[in-house]
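Commentary on secondary and tertiary structure
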Amino acid sequence: MSGVMGLIVKRLGLGLVTLLVVSIIIFGAVEMLPGDLAQQILGQSATEETVAQLREDLGLNRPAFVRYFEWLGGAVQGDFGVSLANNRSVAEQLAPRFANTLFLAGLAAVIAVPLAIGLGVMAALYRNSVFDRVANVVSLGAISSPEFFLGYILIVFLAVQNQVFPAISNVSGDMDFGTRLYRSMLPALTMTLVVTAYMMRMTRAAIINLLASPYIEMARLKGVSRSQVITRHALPNALAPIINVVALNLAYLITGVVLVEVVFVYPGVGQLLVDSVTKRDFPVVQACCLVFAATFILFNLIADVGAILSNPRLRHPK
Amino acid sequence: MSNFMIAYFFLLIAACCTAAYYQYRTALLLLFSLVCVSLLAGLLGGESVLINITIAIALLAASAGLAYSFRETLIQILPRGGAKLMRTAPLTASFGLLLIIIYIIAAVFAPIIAPYGEAEVIAGAFAPPDEVMILGGDQLGRDLFSRLVYGARNTVGIALMTTAIAFVVGTVAGLSAAVLGGWIDQVLGRIVDTLMAIPQLIFALLLLTIVGTSVINLTLVIALLYSPLIFRLARAVAGNIVVMDYIEAARLRGESTWYLVIKEVLPNATAPLAAEFGLRFCFVFLAISALSFLGLGIQPPTADWGSMVRENATLISFGEITPLIPAAAIALLTVSVNFVVDWMLHISSGLKE
């Protein structure tokens, strides 16, 4: 067991290093602005004195690495500095929105994961049948469509033509769970469509890949039924790739929400990021990017660890 | 019960029975599940849902027929080799091929096809459709159809250029890494790992904040972010090739690295790279549309499908579907490319076995 723990700790360390490098990139990207931040904020027409004053206020006169460590130290403690647009604390704006984004992604995941695995197993079980072909074409269509297209289609059919769900998901912190669920249903469904299609195709591919192996043929020959072969023999071995796909798609759910949040005016991190990019509000953009990147790296890490735990062969790399 | 509903169910059940009588298992299963769905939908949503279903089925049938006749025509017209290839094409692939050709024609002959210029204001805001403006006007009174046609040129053109840049960079770097090996391989590999640790859309947003939005910046940023994926594939494919004996022989002849990459490795890596080009094009195309939709990509007044959806999105809350047409154009093109790539992958894998 210590070998497994060692491997996991190693992966965790690697993830931390990646996160550190990513934070350097995020910080360094803003440093590479033509001129500097103060010049950018005030524009071309600013006088030398005002630029110098702002530079002093923002502490831009100190060397970059000092400011990087200050920024990183603050970020670790949950302090991302002050927004340039409205002088409010970035963390204060970010925290409730991050909770909203997590809620939305969680809701989509709860619907999508069982649905995708079920459909994928069905498609593998009845492969080359009508069901498989229809599922193949529909999922390809869902993957190929931009998220905003799917979102607007759902709005047209479920919010405008038949008023089932509201088209604009204005959730707030003091709402009870039911209302919240009801209001965020359409964005969650949109994300479910995209993610389910991906996961379903991967699950199907993983199982079909296994069905070609000799031990499955052995099971068939000894008279095990088709569904038993898949659920008892193929599925446990297909678990590693499936866990991997699920974790990667959860990472996608958290980061891919940007478009969906904009379509449904959902108050999440994605919306904040897009607004701040338009306003060129650098501290907020940096904070959002760091949060997204950290989540992304975390889920990739979970995918790795899951793969190691579910496949004994990976625990003893040659 | 209206006449329409009676006729609808009568025809459907008759088709079901015919399929059952002639033992067409697939058709029967499909038709019968359609009957069940229609019964449910008819009970819940009434006649309008059934009309929608009919339109959808008619569209599907029409596109299948179109794809079939297109394939058969190609088989007749093309020379021997091409005809043989087309015979193996499934309907989805020939449908994709047909649509891609239509998009190319629209992009190349945009000024001839479009009745008005892309930024020409000719009517009031959100003018309803008439004989001249087939799809009506947009939020500034420009002809939606003309902008759609010009959009094929702008959106697809920029996406193609971006993919090409990403591809050249990724492939050259990947092949060189495989051929040269050593520390260059290691360094490139680590850079790519780091670039891929940040979600692409987020990274694109960060970089666009810094460099500002313009078509050139957009192209370069997206190309930079998508080349690592191509690098990985090229590296993996070339990694299998450089261990071959003929590479060793070329090395012993004293050929230069450039010669090795271009003349020995690249020709043997074309098939997987071509399929990758199609897939990457889809991703790049979707990414650019997404950024344009967010208002950070291609800037007005250039006609572009992503920003057209955004500009006219207010209409959707009134039940109008015209703003969805550009979005549908994006989806159709990506689906078509995917269909064709699927077929190509199928052919190349079939030949190997």
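Residues numbered from 1 in each chain as written. Chains lettered and ligands numbered in written order. Predicted model: local features only at pLDDT ≥ 70, side-chain atom pairs only at ≥ 80, totals over all residues. Heavy atoms only, no water.

So, the overall build of chain A
Of regular secondary structure, chain A possesses 15 helices and zero strands. Seen through its principal axes, chain A has C-alpha atoms that stretch 85 × 60 × 35 Å. Every one of the 318 residues in chain A was classed for burial, and the buried ones make up 47%. The contacts of chain A with a sequence gap of at least 6 include a subset with a gap of at least 24, amounting to 70%. Between the mean site of the 22 positive side-chain charges and the mean site of the 18 negative ones, chain A shows a separation of 21 Å. (Helix = DSSP H or I, 4+ residues; strand = E, 2+ residues; numbered from the N terminus. Buried < 20%, exposed > 50% of the residue type's maximum accessible area, 1.4 Å probe, protein only. Contact = heavy atoms within 4.5 Å. Lys, Arg positive; Asp, Glu negative; His and termini not counted. Charge placed at Lys NZ, Arg CZ, Asp CG, Glu CD.)

A word on the overall build of chain B
Summing up its helical and strand segments, chain B has 15 helices and zero strands in all. For the C-alpha atoms alone, the extent of chain B along its principal axes is close to 80 × 55 × 40 Å. A burial count over chain B gives 46% of its 353 residues as buried. When contacts within chain B are restricted to residue pairs at least 6 apart in sequence, those whose partners lie at least 24 apart make up 66%. Accessible area for chain B stands at about 17600 Å²; split by element, carbon and sulfur atoms hold 71% of it. A distance of 11 Å separates the average location of the 17 positive side-chain charges in chain B from that of its 20 negative side-chain charges. (Areas by Shrake-Rupley, 256 points an atom, 1.4 Å probe, with all protein chains shown as cover.)

Details of the environment of B:P228
Turning to its location among the elements, B:P228 is positioned in helix 10 (residues 215-241). C-alpha of B:P228 to C-alpha of B:M196: the two residues are 32 residues apart in sequence and 7.0 Å apart in space.

Looking at the pattern of salt bridges
All names here are of chain B. One pass over the full model with this rule turns up 11 salt bridges over all chains. With its nearest N and O atoms 3.8 Å apart, the salt bridge here joins E311 to R142. Here E311, found in helix 14 (residues 305-311), pairs with R142, found in the loop between helix 6 (110-113) and helix 7 (144-180); they are 169 residues apart in sequence, far enough to count as distant. The partner of E276 in a salt bridge is R280, and the shortest N-O contact between them spans 2.9 Å. You can see E276 and its partner R280 sitting in helix 13 (residues 270-293), four residues apart, about one turn around the helix. Accessibility expressed as a relative area gives 9% for E276, which makes it buried. Exposure remark for R280: the relative accessible area of 13% places this residue in the buried category. Bridged by salt links that share partners, the residues R142, R147 and E311 form one connected network. (Salt bridge = Lys/Arg side-chain N within 4 Å of Asp/Glu carboxyl O.)

Digging into the packing of aromatic side chains
The geometry of an aromatic ring pair is captured by two quantities: the separation of the ring centres and the angle between the planes. As enumerated under the stated definition, the model contains 15 aromatic pairs over all chains in all. With a centroid separation of 5.3 Å and 85 degrees between ring planes, the pair formed by B:Y8 and B:F9 is classed as edge-to-face. In this structure, B:Y8 and B:F9 share a single accessibility class: buried. Following the ring pairs from residue to residue traces out a cluster consisting of A:F27, A:Y68, A:F69 and A:W71. In this arrangement the basic side chain of A:R180 is found over the ring face of A:F103, its NZ or CZ atom lying 4.8 Å from the centre. (Phe/Tyr/Trp six-rings, centres within 6.5 Å; stacked < 30°, edge-to-face > 60°. Lys NZ or Arg CZ within 6 Å of the ring centre and 35° of its normal.)

Focus: helix 13 of chain B
Residue and element names in this part refer to chain B. In this model helix 13 runs 34 Å from its N-terminal to its C-terminal C-alpha over 24 residues, within 8% of the 34 Å that 1.5 Å per residue would give. Of all 24 residues that make up helix 13, 17 are buried, and the element is covered over most of its length. G295 lies just past helix 13 and shows a positive phi near 85 degrees. (Expected span 1.5 Å × (residues − 1).)

Points about the nonpolar core
Core analysis: the biggest nonpolar cluster contains 141 residues, and A:Y152 and B:W305 have the highest contact counts within it. Per-element tally for this core: the top contributor is helix 5 (residues 90-125) of chain A, with 15 residues. Contact partners of B:W305, with chain neighbours within four places excluded, come to B:Y103, B:L148, B:G151, B:A152, B:T155, B:V156, B:F285, B:P326, B:A329 and B:I330. Core analysis: the next-biggest nonpolar cluster, separate from the first, contains 19 residues, B:I230, B:I241, B:I247 and B:A250 among them. (Core = buried A, V, L, I, M, F, W, Y, C linked by side-chain atoms within 4.5 Å.)

With respect to the interface of chain A and chain B
Taken residue by residue, the interface counts 44 residues in chain A and 41 residues in chain B. Carbon and sulfur atoms supply 84% of the area buried between chain A and chain B, which totals about 3500 Å² over both sides. In this assembly, chain A and chain B are joined by zero salt bridges. Counting across the interface, chain A meets chain B through two residue pairs in polar contact (both at pLDDT 80 or more). Only helix 1 (2-31), helix 6 (130-144), helix 7 (147-161), helix 9 (185-211), helix 12 (257-263), helix 13 (269-279) and helix 14 (282-310) of chain A provide two or more residues apiece to the side of chain A that touches chain B. (Buried area = accessible area lost by both parts, 1.4 Å probe. Polar contact = N/O pair within 3.5 Å; in protein donor to acceptor, adjacent residues only side chain to side chain.)

What about the domain arrangement of chain A?
All names here are of chain A. For chain A, the assigned domains are domain 1 (2-76) and domain 2 (95-315). A C-alpha centroid distance of 32 Å is found between domain 1 and domain 2. Each partner contributes residues to the interface: domain 1 has 18 residues there, and domain 2 has 15 residues. Together, the buried faces of domain 1 and domain 2 total about 1500 Å²; carbon and sulfur atoms form 83% of this surface. Summed over the three residues of domain 1 that lose the most area to domain 2, namely L7, R11 and I26, the buried surface amounts to 31% of that side. Across the salt bridge formed by R11 and D304, the nearest N and O atoms sit 2.9 Å from each other. (Domains from an automatic or database assignment.)

Here we look at the confidence of the model for chain B
On average, residues of chain B carry a pLDDT of 84, and 97% of them reach 70 or more. Scored as a whole, the predicted complex attains pTM 0.86, and scored at its interfaces, ipTM 0.84. (pLDDT = per-residue confidence, 0-100.)

Here we look at the packing of helix 3 (residues 47-77) of chain B against helix 5 (residues 91-108) of chain B
Residues and elements named next belong to chain B. At a minimum axis distance of 8 Å, the contact between helix 3 and helix 5 shows a crossing angle of 85 degrees. As far as their axial angle goes, helix 5 and helix 3 are roughly perpendicular. Of helix 5, the residues touching helix 3 (which contributes S63, A64, L66, A67, Y68, F70, R71 and L74) are L91, S94, F95, L97, L98 and I101. Of the residues assigned to the contact of helix 3 with helix 5, the class counts are 11 nonpolar, two polar and one charged. (Axes fitted to C-alpha atoms, helices over the stretch in contact; angles between N-to-C directions. Parallel < 35°, antiparallel > 145°, perpendicular 65-115°, else oblique. Nonpolar A, V, L, I, M, F, W, Y, C, P; charged D, E, K, R; others polar.)

Here's the deal with the packing of helix 3 of chain B against helix 4 (residues 80-87) of chain B
All names here are of chain B. Remark: helix 3 packs on helix 4, axes separated minimally by 7 Å, with the N-to-C direction vectors making an angle of 155 degrees. The orientation of helix 3 relative to helix 4 falls into the category roughly antiparallel. For the crossing formed where helix 3 meets helix 4, the hand is left-handed. Contacts between helix 3 and helix 4 pair R71, L74 and I75 from the former with A83, M86 and R87 from the latter. (Left-handed = near helix turned anticlockwise from the far one by under 90°.)

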